[in-house]
Amino acid sequence: NAGVMQNPRHLVRRRGQEARLRCSPMKGHSHVYWYRQLPEEGLKFMVYLQKENIIDESGMPKERFSAEFPKEGPSILRIQQVVRGDSAAYFCASSPGSSDEQFFGPGTRLTVL
Amino acid sequence: GENVEQHPSTLSVQEGDSAVIKCTYSDSASNYFPWYKQELGKRPQLIIDIRSNVGEKKDQRIAVTLNKTAKHFSLHITETQPEDSAVYFCAASLTGGGNKLTFGTGTQLKVEL
């Protein structure tokens, strides 16, 4: 059973470009969470999604950031018009509906030049 | 919202000694407390968790204690080994699935030979 998959693992963008980060949850998991980790810091919650629904986006910046988890395919975290401050590791985690445990993917390390 | 504080930020022990990492939380409604280990450049991995209906849980060399009255919980690692060197994060959330994790700022543990 494959774990949580994320791609790309590394992404370099210039200021003003768009970044698209993908997350495929573990098989059988219907809940996806996105967290951001700045260098030398802990993980900060961004958004929680179920299939076709955003459940909690309280940690996501109101501007430039969006997330989706379509009926088919991976969850996508989209950052428009990236700025240097967006440079971070973005982790997604998944869980089955009724479980507390969240299992993390390997992360996407975004560098904005 | 929930706030989790973690101490110390760095911890250096000799191989074979014990290591203790402490966390406090602010929201008395929180009742699920996982601990994650993150090696450099890798994903956070769940190593142990505890729910508020128990005060202590042990898994081989790792144990976690919880004091709900004082709102603090601790990770204990006995007989430390070099491979225990990593960053450890505590977190807090509600149980029942579908709840965001609020993380502490992490403890860099170094086990020296």
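Notes on the structure follow. (Residues numbered from 1 in each chain as written. Chains lettered and ligands numbered in written order. Predicted model: local features only at pLDDT ≥ 70, side-chain atom pairs only at ≥ 80, totals over all residues. Heavy atoms only, no water.)

Looking now at the overall build of chain A. The helix and strand tally for chain A stands at zero helices and eleven strands. Along chain A, helices (α) and strands (β) appear in the sequence β-β-β-β-β-β-β-β-β-β-β when read from the amino end. Relative to the globule expectation of 13 Å for 113 residues, the C-alpha radius of gyration of chain A, 13 Å, shows essentially globular dimensions. Its C-alpha atoms put chain A at 40 × 25 × 25 Å along the principal axes. Counting all 113 residues of chain A, 44% fall into the buried class. Partitioning the contacts of chain A with sequence separation of at least 6, the portion at a separation of at least 24 is 52%. (Helix = DSSP H or I, 4+ residues; strand = E, 2+ residues; numbered from the N terminus. Rg over C-alpha atoms; globule rule 2.2 N^0.38 Å. Buried < 20%, exposed > 50% of the residue type's maximum accessible area, 1.4 Å probe, protein only. Contact = heavy atoms within 4.5 Å.)

Let's shift gears to the state of the cysteines. Counted according to the given criterion, the structure contains two disulfides over all chains. The residue that forms a disulfide with A:Cys23 is A:Cys92, at a sulfur-sulfur distance of 1.9 Å. Taking the sign of the torsion about the S-S bond as the criterion, the disulfide between A:Cys23 and A:Cys92, at about 70°, is right-handed. Here A:Cys92 lies in strand S9 (residues 88–95) and A:Cys23 lies in strand S3 (residues 19–24), a separation of 69 residues in the sequence. Note on A:Cys23: relative accessible area 0%, which makes it buried. At a sulfur-sulfur separation of 1.9 Å, the disulfide partner of B:Cys23 is B:Cys90. Classification of the bridge connecting B:Cys23 and B:Cys90 rests on its S-S torsion, roughly -100°, and on that basis the disulfide is left-handed. With B:Cys23 in strand S3 (residues 19–25) and B:Cys90 in strand S9 (residues 86–92), this pair connects stretches of sequence that are 67 residues apart. For the residue pair B:Cys23 and B:Cys90, the accessibility class agrees, reading buried in each case. (Disulfide = S-S within 2.5 Å.)

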